[in-house]
Amino acid sequence: KHYLYFVLSPDPKRAGVYAGSVDSSDSKRVADYDSRAEYAHGFLFYGAGEDLFAQAFDISRLQVTGEGRRIASDLGSMYGETQNRAFSVSVAGRLAYSARSYVAPSQFTFFDRTGKRLEAVGPQGQYLGLKVAPDQRKAILENADYRVGRSPLLLLEFSSGTASPLNIESDGGTAAWAADSVRVGYIRFVS
């Protein structure tokens, strides 16, 4: 009759994994993980950095015990969200996970209307998404750079083929262009 949920917050005292009850509106913070968690056979499974961990969980007290133990490396994330780690644990205790290399290298490429490849622009990389500006001279790329713990946004200039980091504090997700092709909207958490 309990469930787990993850709170993403810029306030470290609020962020983490919580347990709730279907019989009550009360909830309890059970771990300060920077990832969602799943429960199976007395353990909470969660991601930390590039690794998958398991930590003993006392289900009667809704409390983690002991230290987390690394059980896999090179853990990927789903949909570009580093907190939404790519793993699942079944009730039977079987574990499935995806390595972070699931985002295949790609390159921005122009094609004509018949499907003929015209030219590739910019560097090859692991990109989760893109947004072309209304003036069609540049694009924002969502780079799957797991070393920094999130997906930084890059500005790709079609004329030069250079991709440079946008100097904004985005908390993930591809930004949106304004109609003037100069201003950009993006997500940023505030406390």
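Residues numbered from 1 in each chain as written. Predicted model: local features only at pLDDT ≥ 70, side-chain atom pairs only at ≥ 80, totals over all residues. Heavy atoms only, no water.

## A few points about the nonpolar core
So the rule is basically this: Definition used in this section: a nonpolar core is a set of buried Ala, Val, Leu, Ile, Met, Phe, Trp, Tyr and Cys residues joined via side-chain atoms within 4.5 Å. Three exposure classes are used, based on accessible area relative to the maximum for each residue type with a 1.4 Å probe and protein chains only: buried under 20%, partly exposed in between, and exposed over 50%. Under the DSSP-based scheme used, a helix requires at least four consecutive residues in state H or I and a strand at least two consecutive residues in state E, with every element numbered from the N terminus.
In terms of nonpolar packing, the biggest core is built from 11 residues, these being Val17, Ala19, Val30, Ala31, Tyr33, Ala37, Leu44, Tyr46, Phe53, Phe57 and Leu62. At the level of secondary structure, the elements contributing two or more residues to this core comprise β2 (16–21), β3 (27–31), β5 (43–48) and β6 (51–58).

## As for the sheet that holds β2
Threshold: By definition, two strands form a pair when at least two bridges between them are found by DSSP. Axis definition: a line fitted to C-alpha atoms, over the contacting stretch in the case of helices. Angles run 0 to 180 degrees between N-to-C directions.
Pairing is antiparallel in the open sheet, where three strands are placed in the order β1-β2-β3. Edge positions in the sheet fall to β1 (2–7) and β3, since each has one partner strand and no second. Taken pair by pair, the neighbouring strands of this sheet meet at an average axis angle of 35°, ignoring direction. The sheet contact formed by β1 and β2 spans six bridges and is antiparallel. Residue Leu4 lies in a different strand from β2, and its bridge partner there is Ala19.

## Quick word on the sheet that holds strand β15 (residues 127–132)
Read from one edge to the other, the open sheet built from four strands follows the order β15-β16-β17-β18, with strand pairing classed as antiparallel. Taken across any chain shown, the strands that pair with only one partner, and hence form the sheet edges, are β15 and β18 (163–165). Neighbour-to-neighbour, the strand axes of the sheet open up by a mean angle of 30°, direction not taken into account. Pairing of strand β16 (residues 138–143) with strand β17 (residues 153–157) involves five bridges; the strand directions are antiparallel. Bridged to Ile140 within β17 is Leu155.

## Examining the pairing of β6
Where β5 and β6 come together, six bridges link them in antiparallel fashion. Of the residues in β6, the one forming a bridge with Phe43 is Ala56. Joining the antiparallel neighbours β5 and β6 is a turn of two residues, in which Gly49 adopts a positive phi near 65°. Pairing analysis gives four bridges linking β6 to strand β8 (residues 69–73), with the strands arranged antiparallel. Counted as the bridge partner of Leu52 is Ala72 from β8. Direction of pairing for β6 relative to strand β7 (residues 63–64): antiparallel, over a ladder of two bridges. Paired with Phe57 across the two strands is Val64, which belongs to β7.

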